[in-house]
Amino acid sequence: MSIRFDGRVAIVTGAGNGLGKSHALALAARGAKLVVNDPGGAVDGSGRAQAAADTVVAEIVKAGGQAVASYDSVAEPASATKIVAKAIEAFGRLDILINNAGILRDKSFGKMDTAEWDAVLKVHLMGSAYVTRAAWPYLQEAKYGRIVMTTSAAGLFGNFGQANYGAAKLGLVGLMNALKIEGLKYGILVNTVAPLAGTRMTENIVPPAFFAKLKPEHVTPAVLYMASEACKESGWIVSAGPGFYARVRMMEGPGAAFDPKTVVSPEALAERWGEVGNLKEAVGFETATDEIARIFLRLGS
Ligand code: NAI
């Protein structure tokens, strides 16, 4: 099986550096026409530099591919809309959206001000929602689409100093969970990558011995597969790093069951708290309805 993107048009947000750059170059090398989106700037989102997107566009074109630059921020609805407009203007269609743009404003929660909170939520969560919202009608109309969100272990599992980032990153999973259901009848599949890569964002976090081994190129195959026609799944979260790719999922344990006709006391619940926390034989659910059905079934009619 050969994964190709000939005739497909892709947007990669935050494609001027790190992971986004790697995704954009690889998509273009396999035939996709690219919108390389990046306003440029520092890891904390300050400043602007068109060179970030321009350099990647030049690299794609030099290698014989097709790409245009977009310098608009994902973080405002109007500019996010312009990113999608760029794809339509330049190439007349849109098939693939990789929501990758990101910034960091790390601080322990007690010291974090609202500006630091808002800036991170705006780029990661609102930004991905705004660009996806602008792309949605084109994908619906075409009855085809592949969207990849970018989450993080910090959101899935927790990390010190990243309350803003973790909340935004897990918010993206919630966004995906709704869109995987709403997109299905239009052939729009929405999946999420949880990367680990040595980039400017992680250079002060990852131990130097590991940094060089964590090439963004190791994450890109997971993104490319989820962006391809070959992918038939929707709603997957895939952890991706050098030589390791694994699905991550929300799970629910077998739980502690009581007579639903009587209200249980907190003391009675406390006695069986171990059962509540037991995750052996935990199961995942495709939708909220499936999970709720488990409770309804126990209630009877
Ligand atoms: P990076 O800093 O190299 O790349 C992020 C890019 O997003 C930059 O080029 C930046 O200019 C761009 N960007 C920032 N604000 C933007 C905005 N408002 N609109 C459009 N573009 C904007 O960092 P890296 O590591 O490549 O991160 C890419 C994504 O992967 C981010 O969403 C990050 O949170 C996520 N991630 C990265 C991990 C890693 O190990 N590197 C781990 C988990 C998640």
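These numbers come from a predicted model, not from an experiment. Numbers given to residues run from 1 along each chain, matching the order in which its sequence is written. Selection of residues for local features in this predicted model requires a pLDDT of at least 70, selection of side-chain atom pairs for listing and counting requires 80 or more, and totals for whole chains, interfaces and linings are taken over all residues. Side-chain measures here rest on the full set of heavy atoms in the structure, leaving out hydrogens and waters.

Enquirer: Got a minute to help me understand the packing of helix α4 (residues 114–142) against helix α6 (residues 163–183) in this structure?
Expert: What describes two packed helices is the angle between their axes and the distance between those same axes. Comment: axis = line fitted to C-alpha atoms, over the contacting stretch for helices; angle = value between 0 and 180 degrees taken between N-to-C directions. Where helices and strands are cited, they refer to DSSP runs of H or I of at least four residues and of E of at least two residues respectively, numbered from the N terminus. Packing of α4 against α6 brings their axes to within 8 Å, and their N-to-C directions diverge by 15°. Considering their axes alone, α4 and α6 lie roughly parallel with respect to each other. Of the two elements, α4 crosses α6, and the hand of that crossing is right-handed. Between α4 and α6, the contacting residues are Glu116, Trp117, Val120, Leu121, His124, Leu125, Ser128, Ala129, Thr132 and Trp136 on the first element and Ala163, Asn164, Tyr165, Ala167, Ala168, Lys169, Gly171, Leu172, Leu175, Leu179, Glu182 and Gly183 on the second. In this classification, the charged set is Asp, Glu, Lys and Arg, the nonpolar set is Ala, Val, Leu, Ile, Met, Phe, Trp, Tyr, Cys and Pro, and all remaining amino acids, among them Gly, are polar. Here the residues of the contact of α4 with α6 sort into 13 nonpolar, 6 polar and 3 charged. Here the word oblique covers every angle except those under 35 degrees (roughly parallel), over 145 (roughly antiparallel) and from 65 to 115 (roughly perpendicular). Note on convention: the crossing is left-handed when the near helix lies turned anticlockwise from the far helix by less than a right angle, right-handed when the turn is clockwise. Should any heavy atoms of two residues lie within 4.5 Å, those residues are counted as being in contact.

Enquirer: Looking at this structure, how should I read a nonpolar patch on the surface?
Expert: The residues that make up patches have over 30% relative accessible area and no salt bridge, and they are joined within 9 Å when like-charged or within 5 Å when they are Val, Leu, Ile, Met, Phe, Trp or Tyr. Throughout, the Shrake-Rupley method with a 1.4 Å probe supplies accessible areas, and for residues the shown protein chains are the sole cover considered. By salt bridge we mean one thing: a side-chain nitrogen of Lys or Arg within 4 Å of a carboxyl oxygen of Asp or Glu. A contiguous nonpolar patch, built from Ile292, Ile295, Phe296 and Leu299 and spanning about 400 Å² of accessible area, is present on the exposed surface. Along the chain, leucine 299 falls in helix α11 (residues 288–299).

Enquirer: It is not clear to me how the site of the ligand should be interpreted in this structure. Could you clarify?
Expert: Near is defined per residue: the residue qualifies when any heavy atom it owns lies within 4 Å of the molecule or strand. Neighbouring residues of the ligand: 28 residues in total, closest Asp38, Asn100, Tyr165, Ala197 and Thr199. Polar contact is defined as a pair of N or O atoms within 3.5 Å, subject to the rule that within protein one atom must be able to donate a hydrogen and the other to accept it, and that residues adjacent in sequence are counted only when both atoms are side-chain atoms. Between the ligand and the protein, one listed contact pairs an oxygen atom with a side-chain N or O atom of tyrosine 165 at 2.6 Å. Between the ligand and threonine 199 there is a distance of 2.5 Å, counted from an oxygen atom to a side-chain nitrogen or oxygen. Here the ligand loses 96% of its free accessible area of 830 Å² to cover by the protein chains. Elements that contribute at least two residues to the shell around the ligand include exactly α1 (18–29), α4 and α6. Of the residues that constitute the shell around the ligand, the class distribution is 11 nonpolar, 14 polar and 3 charged.

Enquirer: In this structure, what is going on with the pairing of strand β3 (residues 66–70)? I would like to understand it.
Expert: Two faces make up the sheet, and in a regular strand the side chains alternate between them. Two strands qualify as a pair provided that DSSP identifies no fewer than 2 bridges between them. Judged from the 5 bridges that link them, strand β2 (residues 33–37) and β3 form a sheet pairing that is parallel. Pairing of leucine 34 across the sheet is with alanine 67, part of β3. Handedness of the crossover joining β2 and β3 through helix α2 (residues 51–62) is recorded here as right-handed. Think of it like this: strands point away, you trace from the first strand over the helix to the second, and a clockwise trace means the crossover is right-handed.

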